[in-house]
Each structure stands twice: as C-alpha cells, then as structure tokens.
Amino acid sequence: MKVILTGASGTIGKQLVPRLSAMGIELLLVGRCAERLKSLFPAEQCVAYDDLTKYDKDFDWLIHMAVQNNDATLSDHTFEETNVTFYKSILDIARANDVGGVVNFSSFHALPDGPDTPYAASKRKALQLSNSFPGLRVIDLLLPPVYGSVFSGRLSVLHKLPRPMRSMGFAVISSLTPVVSINRICNFIISDLKYADVESPVLLADPKSENKVYTHMKRGLDLVFASAVLLLFWWLLLAVWLVIKGTSKGPGIFAQTRIGKNQKPFTCYKFRTMTVGTDQVGTHEVSSASITNIGRLLRKTKVDELPQVWNIFSGDISLVGPRPCLPTQQELIKSRQNRDVFSVLPGITGLSQVRNIDMSVPEQLSVSDAEYIARQSILLDLKIVVRTFLGQGQGDKVRV
C-alpha cells in the first residue's frame with residue numbers, strides 16, 4: 001500500500017508514522033515545510049504541498065490529519081480556514097493526483113448532537129465537503145480521544161498520576177468517555193481500507209467490552225434500576241397487571257421471543273398493550289385498532305416496559321442498548337449484522353429510542369445503534385436514561 005499522509009508532525013501523526021512504516025506501508029509525508037518533516041522522520045519521503053505533483057500518481061490513499069484541534073483557542077475564521085477551506089484543497093490535490101481515495105481524520109465532535117463549538121462546526125462542514133467530490137472515494141474517520149505511547153488532549157491528565165496508577169486511572173476515564181488506541185487506527189488502515197464496502201463515516205473506538213470498569217458499572221446500574229423497580233414500585237406492577245386483566249381478555253404479561261446479544265433468542269416480557277390474537281410482527285406493522293385503551297396509556301408512559309426488569313436480572317437485556325428485534329424482522333437483522341450491533345446486550349431504552357428512530361426504518365435504526373456502540377460510556381448511558389425519564393422518545397409507532 002502506498003499512502004500520502006498529511007499532519008504527520010501532530011501528536012497522532014508522530015505515533016502513527018513509525019507504526020505504519022513498520023507494517024510495510026510506503027509513506028509520502030506532506031506538509032508546509034518538508035525540511036521540518038524530514039527532521040522528524042529522516043527515514044521517510046517528505047515533500048511540500050506544492051511539490052506533490054512531481055511524484056508518481058499511483059497512491060492508494062491520502063490520509064488527511066492536518067487540522068486545528070478542539071483544544072486550540074482560535075477564532076471561528078481560523079477553524080474554518082484550516083478544517084474546511086484547507087481540507088477542500090486536499091480533496092482537489094487527491095483528485096488531481098488520481099489518488100485511490102481519501103481518509104479524512106475527524107472527530108466525534110462532528111456528530112449532529114456534538115458540542116456547539118467553532119471546532120465542531122468546522123468539522124461538520126468538512127463532512128459535508130466529503131460528499132461534494134463525485135468520483136473520489138472519501139472515508140470520514142470519526143475518532144474520540146486517541147491514546148498510544150503518550151496521552152494527549154483530555155487524557156493528558158493521566159501523566160500527572162504516578163506510573164503505577166495510570167492503568168487504573170485510564171480504565172476509569174475510558175469508562176466515562178469513548179477512546180481509541182493508535183494501534184486500532186493502524187489496523188483500520190492496514191486491514192479495513194482494503195475492502196470496498198467500508199461505509200462512511202466510520203466511528204472508530206475501543207469496544208467497551210474490553211473495559212472492566214465500564215462493564216461492572218453498567219451491570220451495577222442495571223441491577224440497581226431493576227431492584228429499585230421491584231422494591232419501590234411492586235404495587236404499581238401489581239396494579240397495572242390487575243387493570244389489564246380486568247379491562248381486556250388475555251394475560252397481563254406479554255411474552256415474546258426477541259433476538260439478543262450474539263443473535264441469541266430470548267423471551268422478552270412486557271405488560272400486554274394489544275388485544276389477544278394480534279400478529280407477531282413489528283409494532284410499526286400493527287394497526288392502532290389493536291392497542292387496548294389502557295395499552296395506549298402504558299405505551300405513552302413507557303410503563304409497559306417495566307416487566308423487562310426480569311430480563312435484566314437474567315442477563316438477557318440491559319437498561320440501555322439497542323432495542324431487541326423480532327426473529328421475523330430479517331431486513332433489520334441483516335442490517336444490524338453488517339454493523340456488528342449484536343455484539344452488545346439489547347436495552348429497554350437506547351440512543352435510537354430517545355431520537356425517535358424506530359424499527360420502521362431498519363437501515364437508519366441500525367446506523368444509530370452502531371453509533372451508540374462506538375460512543376458507549378457511562379456518561380452517555382446516564383444521559384439516555386435521563387432523557388427517557390423526561391419523556392423523550394415515544395417508542396415504536398403503530399400503523400394508523
């Protein structure tokens with residue numbers, strides 16, 4: 001693989017270049033000052049932007065990392081000049097030099113619900129540029145804080161800890177926010193870029209299954225929630241069950257097979273909100289006439305979901321995660337398979353649900369679910385729980 005790389009003198013670049021070179025990647029480092037690059041990387045080819053056209057036009061990728069970072073104190077105009085205008089010139093260079101494709105290093109800040117800052121605004125504009133060069137393959141690589149041989153940005157606080165404590169400190173911080181290792185970025189460049197079906201944007205982060213602090217805290221949150229429901233609201237569960245039994249024929253609890261983690265089927269429990277005999281299909285395929293009178297209230301208040309505390313105790317479901325689908329929803333299952341959504345436990349509520357994205361749009365839902373997995377953290381989970389209790393997200397809509 002032959003790669004043009006910008007921004008090599010930055011914190012990520014200084015760690016990325018030697019790793020890619022050691023993996024056999026032929027690099028051409030491009031910057032405003034070729035001499036400075038050569039002093040940093042004497043073994044690599046280095047060139048100024050204006051001289052790039054002198055090189056052979058057979059590069060596989062241009063990896064663009066030259067940006068103004070979010071921790072810089074700059075004007076809106078400066079962020080715009082570097083992260084948007086300069087990026088457009090990079091895309092022009094890539095097209096003029098017949099480069100196979102461009103990998104644009106970006107940030108989770110660029111996501112639609114990211115922070116309202118000049119940096120984030122400039123990165124969102126850059127993402128829009130990526131789609132304005134027809135015929136040029138562009139992959140936007142969205143990253144959280146990056147770590148490697150050194151900690152930088154928000155992770156730099158770890159250098160203040162005694163060396164023996166850094167590992168635990170890192171585990172705690174990375175349970176609260178997504179992070180990604182420089183080695184995972186290298187593996188993406190080496191392996192994933194070989195495949196033509198890489199979907200842009202790519203949200204790359206360390207799986208939270210690798211973080212024991214996160215997994216234990218998440219399980220603890222699940223058990224605290226489930227226990228609180230049973231201990232504090234047992235009377236509500238009993239009252240709802242009695243009302244359902246007294247107002248419509250059929251059981252008070254509805255049991256249905258759903259698809260869980262690793263596509264393992266499990267029985268999901270909810271208060272029954274539909275008439276007996278309703279087809280076992282996605283809610284969006286069910287007529288509103290099938291919803292009972294009390295069922296409308298239960299679904300609006302989300303009380304119908306409370307029996308799933310039994311699923312939490314059994315380990316089939318979590319408080320927060322992608323909503324589990326039916327075995328018959330093959331389009332959604334395939335879309336989730338393609339994005340590895342089944343790698344985590346499903347949830348009672350989730351990022352897609354508070355966004356009002358339901359199973360009637362399987363592709364959009366699976367994209368949002370995959371985004372949640374990449375962004376997983378204790379703080380995001382708590383934010384989703386709060387938004388759910390505040391009434392955001394109305395669950396799956398029924399057919400009118």
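Structure shown above.
Note that this is a predicted model, so its numbers are computed, not measured.

(A) Quick peek at the environment of isoleucine 373. With respect to the helices and strands, the residue isoleucine 373 is situated in helix α12 (residues 362-375). The sequence separation of isoleucine 373 and threonine 273 amounts to 100 residues, and the corresponding C-alpha distance is 30 Å.

(B) Layout of the sheet that holds strand β5 (residues 101-107). Taken in spatial order, the 7 strands line up as β3-β2-β1-β4-β5-β6-β9 in an open sheet, and their pairing is parallel. A single partner strand is all that each edge strand has here, and the edge strands are β3 (45-48) and β9 (202-203). Where strand β4 (residues 61-64) lies against β5, 3 bridges are found, and the strand directions are parallel. Bridged to leucine 62 within β5 is valine 102.

(C) The pairing of strand β10 (residues 253-259), seen in detail. When β10 meets strand β11 (residues 265-271), the two strands line up antiparallel, connected through 7 bridges. From the neighbouring strand, glutamine 256 faces β11, where its bridge partner is cysteine 268. The hairpin formed by β10 and β11 contains 5 residues between the paired strands, and asparagine 262 there has a positive phi angle of roughly 60°.

(D) Region of interest: the pairing of strand β1 (residues 2-6). Counting buried positions along β1 yields 5 of 5 residues, so the element is predominantly enclosed. Burial of β1 is two-sided: the residues Lys2, Ile4 and Thr6 facing one way and the residues Val3 and Leu5 facing the other way are all buried. Each parallel crossover has a hand, and for β1 linked through helix α1 (residues 11-22) to strand β2 (residues 26-31) it is right-handed. Looking at chain direction, β1 and β4 are connected through 4 bridges and run parallel. In the strand pairing of β4, isoleucine 4 is matched with leucine 62.

(E) Structural detail: the environment of valine 157. Inspection of the secondary structure assignment puts valine 157 in the loop between β7 (146-147) and α5 (163-176). The exposure class of valine 157 is partly exposed, given its relative accessible area of 40%. Each C-alpha atom, one on valine 157 and one on aspartate 222, is 30 Å from the other, the two residues being 65 residues apart in sequence.

How each quantity is defined
Residues numbered from 1 in each chain as written. Predicted model: local features only at pLDDT ≥ 70, side-chain atom pairs only at ≥ 80, totals over all residues. Heavy atoms only, no water. Helix = DSSP H or I, 4+ residues; strand = E, 2+ residues; numbered from the N terminus. Pairing = 2+ DSSP bridges. Buried < 20%, exposed > 50% of the residue type's maximum accessible area, 1.4 Å probe, protein only. Right-handed = clockwise from strand over helix to strand, strands pointing away.

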